[in-house]
Amino acid sequence: MPNMRKDKVPMAEQDAKVRAGNFKEVALGYTKEQAMEEAKRCLQCKNMPCVAGCPVAVRIPEFIAQMAQGNILEAYDIITSTNNLPAVCGRVCPQENQCEKYCVRGIKGAPVGIGRLERFAADYAMANLAESDQKQVKAWDKYLDKSIENAENKKSEANSGKKVAVIGSGPSSMTCAADLATMGYAVTVFEALHVAGGVLMYGIPEFRLPKDIVQKEIDKIRTLGVDIQTNVVIGKTLTIDDIKGMGYEAIFIGSGAGLPSFMGVAGENLNGVYSANEFLTRVNLMKAYDPCKSDTPVFIGKTTAVVGGGNVAMDAARSAKRAGAETVYIVYRRGEDELPARIEEVHHAKEEGIIFKLLTNPTAILGDEKGWVKSMECVQMELGEPDASGRRRPVEIKGSDFSLPVDMVIVAIGQSPNPMIKKSTEGLETQKWGGIVADEKTGQTSLEGVFAGGDAVTGAATVILAMGAGKASAKAIDEYLKNK
Ligand SMILES: Cc1cc2nc3c(=O)[nH]c(=O)nc-3n(C[C@H](O)[C@H](O)[C@H](O)COP(=O)(O)OP(=O)(O)OC[C@H]3O[C@@H](n4cnc5c(N)ncnc54)[C@H](O)[C@@H]3O)c2cc1C
């Protein structure tokens, strides 16, 4: 009999006051008993609506059935047969709009906590694989050694020797690379930064996605035979044509959307103004919040305004608070109902003391005589008729100008694909806003043998959509190379 409790088994989290002062993970995950209890809420629907809601088609009811019986490693194997980043997805996927949205238990209560269960399976596997070998201190490393052996045995002879290049090492690229390596191709990932992982490493903060967990999942992908070359900027260090000349027979571009947008108001070049991208990269990747450990400590204002209302804005605001800002505002031009961030992220930000200044639009940033930010000029807005996006358009209230004293401003109003690859690649078609033009189903671009997916094609989206695109392109590249 399924467990008919209406709500999800609660998951422990750090107290809001404590966590606002540290970078440790907010959500603490399930125990095995809690995971089994939650797994028993699944009705094992025969038509599996949840699977249709997952862009990488994780075999959800199957893995949950194993978990309900306490077979966690079996559950992990089922998940990883289609998803190479379960610890990541279990933490950051917007499950409320994907698998959990279609869960039948959601009709009369809360859907099954599919994300929480996925996270538990991955964390448990990392901690317990090779458990039978109790003496092994590094169980995960030992497991990786076994994975290398398994991967070698499984590879298709037919594909061996064919080289595929993958540009970028975010979730779209790593999924594409892993699937191609499993099919037997020799895959090289070229990554511009010094660490692999894309936004998972440089964007999403440690307190939502610990970086050692991301690296463990990337290490597992390496064991499939994927070679990751960091510090290689395609468009500068090498071009697409250079890569073709090196014997790569197909290329996947998963270079993301890392170019920040700015407001275009006066004062955006003052000291103390950051794009969210720069601020989060310096905090996450370079640990700039810790002046003792970082060679490049970042300036943190006492009073910080983050402009924007999406997940990136919430991450920047919560990171600024943890890094020492005393007062942090979210400044957003629409209302609470229009905030694009996940409800959970808004809730967490509020709990941590972030102040929301809604229906507020910045018009200029003012500086002191030394060129440092001292305030932000704003106007009050009201909501008018819906615009093309279907959301009510914010309209300025005449004469409502006011000045917000701040000494730091973080601009988090969106990102678009970096034009570097487009500029250095003749014939690669892009949209006006910079997205690479690619077939929706296969990722085929305007150039033969060149495929693309993830944020580089769609603009800023989600981890799981990027992974779905990487998976589809891996399949299309396999077909292309077989028919070549
Ligand atoms: C702060 C923040 C928080 C987010 N939170 C969430 C969340 O909670 N849940 C969610 O689902 N999504 C979230 N997202 C969105 C999600 O992270 C992205 O949609 C996803 O990472 C896109 O994956 P990708 O593989 O297309 O690109 P990316 O992850 O951007 O990876 C692209 C990689 O390509 C590299 N690259 C770029 N140009 C070149 C070049 N010329 N040569 C070589 N390498 C290059 C980059 O350095 C980068 O490593 C968030 C995004 C941000 C910025």
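Residues numbered from 1 in each chain as written. Predicted model: local features only at pLDDT ≥ 70, side-chain atom pairs only at ≥ 80, totals over all residues.

Caption draft 1: Looking closely at the sheet that holds strand β6 (residues 248-253). If you walk across this open sheet you meet the five strands as β5-β4-β3-β6-β18, and the pairing is parallel. Each edge of the open sheet carries a strand with a single partner, namely β5 (227-229) and β18 (450-452). In this sheet, adjacent strand axes meet at a mean angle of 20° when their direction is disregarded. Here three bridges tie strand β4 (residues 186-190) to β5, and the two strands are oriented parallel to one another. Looking at the pairing, F190 lines up with Q229 of β5. On top of the sheet, helix α18 (residues 463-483) reaches β3 (163-167), β6 and β18; it is set at about 160° to β6, its chief contact. (Pairing = 2+ DSSP bridges. Helix = DSSP H or I, 4+ residues; strand = E, 2+ residues; numbered from the N terminus. Axes fitted to C-alpha atoms, helices over the stretch in contact; angles between N-to-C directions. Contact = placed C-beta atoms within 7 Å.)

Caption draft 2: Up close: the packing of helix α9 (residues 171-182) against α18. Where α9 contacts α18, the two axes come as close as 7 Å, and the packing angle between them is 35°. The two elements α9 and α18 cross, and the hand of that crossing is right-handed. Two secondary-structure elements touch here, α9 through P171, S172, S173, T175, C176, D179 and L180 and α18 through V463, A466, M467, A469, G470, K471, S473, A474 and I477. Split by residue class, the contact of α9 with α18 holds nine nonpolar, five polar and two charged. (Left-handed = near helix turned anticlockwise from the far one by under 90°. Nonpolar A, V, L, I, M, F, W, Y, C, P; charged D, E, K, R; others polar.)

Caption draft 3: Local environment of the domain arrangement of the chain. One can read the domain layout of the chain as domain 1 (12-128), domain 2 (159-258 + 416-483) and domain 3 (262-413). Counting from both sides, the interface comprises 18 residues of domain 1 and, opposite them, 24 residues of domain 2. No other element matches the five residues that helix α6 (residues 86-92) contributes to the side of domain 1 that touches domain 2. Here the side of domain 1 that touches domain 2 is composed, by residue class, of 12 nonpolar, two polar and four charged. (Domains from an automatic or database assignment.)

Caption draft 4: Quick peek at the site of the ligand. Contacts to the ligand come from 41 residues, most closely from G168, G170, G198, G256 and G454. Only α9, α14 (311-322), α16 (420-424), α17 (455-458) and α18 provide two or more residues apiece to the shell around the ligand. (Near = placed C-beta within 6 Å.)

Caption draft 5: Geometry of the nonpolar core. Counting residues in hydrophobic clusters, the biggest one holds 134 residues, and the most contacted among them are M67, A121, A177, V306, A316, V409 and I410. Take this core: its biggest share by element is 10 residues, from α18. Excluding anything up to four places from it in sequence, I410 contacts Y274, A276, F279, T304, V306, A316 and A320. (Core = buried A, V, L, I, M, F, W, Y, C linked by C-beta atoms within 7 Å. Buried ≥ 20, exposed ≤ 12 C-beta atoms within 10 Å, placed from the backbone.)

Caption draft 6: Geometry of α18. Taking 1.5 Å per residue, 21 residues should reach 30 Å; α18 reaches 31 Å between its end C-alpha atoms and fits that length. Taken across its 21 residues, α18 has 15 buried, putting it largely inside the fold. (Expected span 1.5 Å × (residues − 1).)

Caption draft 7: Expanded view of unusual backbone geometry. You will see that Q44, though not glycine, has its phi angle at about 55°, which is positive. With respect to the secondary-structure elements, Q44 resides in the loop between α2 (32-39) and α3 (49-52). Under the C-beta neighbour-count criterion, Q44 is labelled exposed, with 11 such atoms within 10 Å. Positive phi values are uncommon outside glycine, yet A57 reaches one of about 50°. Within the fold, A57 resides in the loop between α3 and α4 (60-68). Residue A57 is classed as partly exposed on the basis of its C-beta count, with 15 C-beta atoms lying within 10 Å.

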